[in-house]
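Chain residues, written in single-letter form:
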Amino acid sequence: MAAIAIDGPAGAGKSTIAKLVSKRLGFIYVDTGAMYRAMALFMLERGTDINDQKAVAEEAQHAQISIRHENGEQAVILNGENVNGRIRTQQVSDAASTVSTVGEVRERLVALQRELAASTDVVMDGRDIGTVVLPDAKLKIFMTASSEVRAHRRYLELVEKGMEAEEEQIRREIEERDERDRTRAISPLRQAEDAVLLDTSDLSIDEVAERILELWK
Ligand code: DC
């Protein structure tokens, strides 16, 4: 099966671009961050101490996570329930970054990701897709943008939803999450040697999507 792997830090535009590219190619878009978010939600709701690695490893065995595709949208199913509406909060973002450092959590989710890619053509985004999950992917992209640009995009998104936001605070949270994702012991965020680096700071969404489609050809 064909696969495009897109990795990079939070807010670089991975999911927007991956959705567009997958639609154009008729591939399935797989958002792996959503799986880590569902795992984090599960732990938060069970009252697990997410900084206790042993407890997280143990609890992870009780989370049944799967995904479904409905009208081109990915739905994350946690123990039978679609949790898409509950995984995009700041609390879940931070907790996902923390629980994703635990080996048992990664093993379960990586297995699910590989199963998906074995049965269908995918555009998959995350942090370790090109390095660990799909090392044989035909095309690997490492997408970045400055933390200022990423914070500004996130700020505009929140304001558009009518939510209160403070750009400087968003930038700090983004940088903290990057640092944790880059420095963890298992499968840290890094560019695969054969990945193409795409800095999206000064590019429009369409320009980035076009660039990837050209590379795919
Ligand atoms: O892409 P995202 O912001 O939804 O991801 C949430 C967190 O999940 C991110 O901070 C790190 C973790 N993650 C990971 O460790 N590996 C992946 N392939 C995807 C996400």
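See above for the structure.
Computed from a predicted structure; not experimentally measured.

**Quick word on the pattern of salt bridges**
- Overall, the coordinates contain 15 salt bridges when judged by the stated rule.
- Among the salt bridges present, the one from Lys-140 reaches Asp-194, with a minimum N-O distance of 3.1 Å. Highlighted residues: Lys-140 in strand β7 (residues 139–144) and Asp-194 in the loop between α8 (167–183) and β8 (196–199), separated in sequence by 54 residues.
- For Lys-140, a relative accessible area of 6% translates into the label buried.
- Taking the shortest distance from any N to any O, the salt bridge between Arg-171 and Glu-175 comes out at 2.9 Å. Here Arg-171 and its partner Glu-175 are both found in helix α8, 4 residues apart, which amounts to about one turn of the helix.
- Three or more residues are tied together by salt bridges with common partners; here these are Glu-168, Arg-171, Arg-172 and Glu-175.

**Remarks on the packing of aromatic side chains**
- Throughout the structure, instances matching the rule amount to 1 aromatic pair.
- Judged by centre distance (5.7 Å) and plane angle (90 degrees), the ring pair of Phe-27 and Trp-216 falls under edge-to-face. Of the two residues, Phe-27 is situated in the loop between α1 (14–25) and β2 (28–31) and Trp-216 in helix α9 (residues 205–216); the sequence distance between them amounts to 189 residues.
- Residue classification places Phe-27 among the buried residues on the basis of a relative accessible area of 12%.
- Classification of Trp-216 by relative accessible area gives partly exposed; the value is 25%.

Thresholds applied
Residues numbered from 1 in each chain as written. Predicted model: local features only at pLDDT ≥ 70, side-chain atom pairs only at ≥ 80, totals over all residues. Heavy atoms only, no water. Salt bridge = Lys/Arg side-chain N within 4 Å of Asp/Glu carboxyl O. Helix = DSSP H or I, 4+ residues; strand = E, 2+ residues; numbered from the N terminus. Buried < 20%, exposed > 50% of the residue type's maximum accessible area, 1.4 Å probe, protein only. Phe/Tyr/Trp six-rings, centres within 6.5 Å; stacked < 30°, edge-to-face > 60°.

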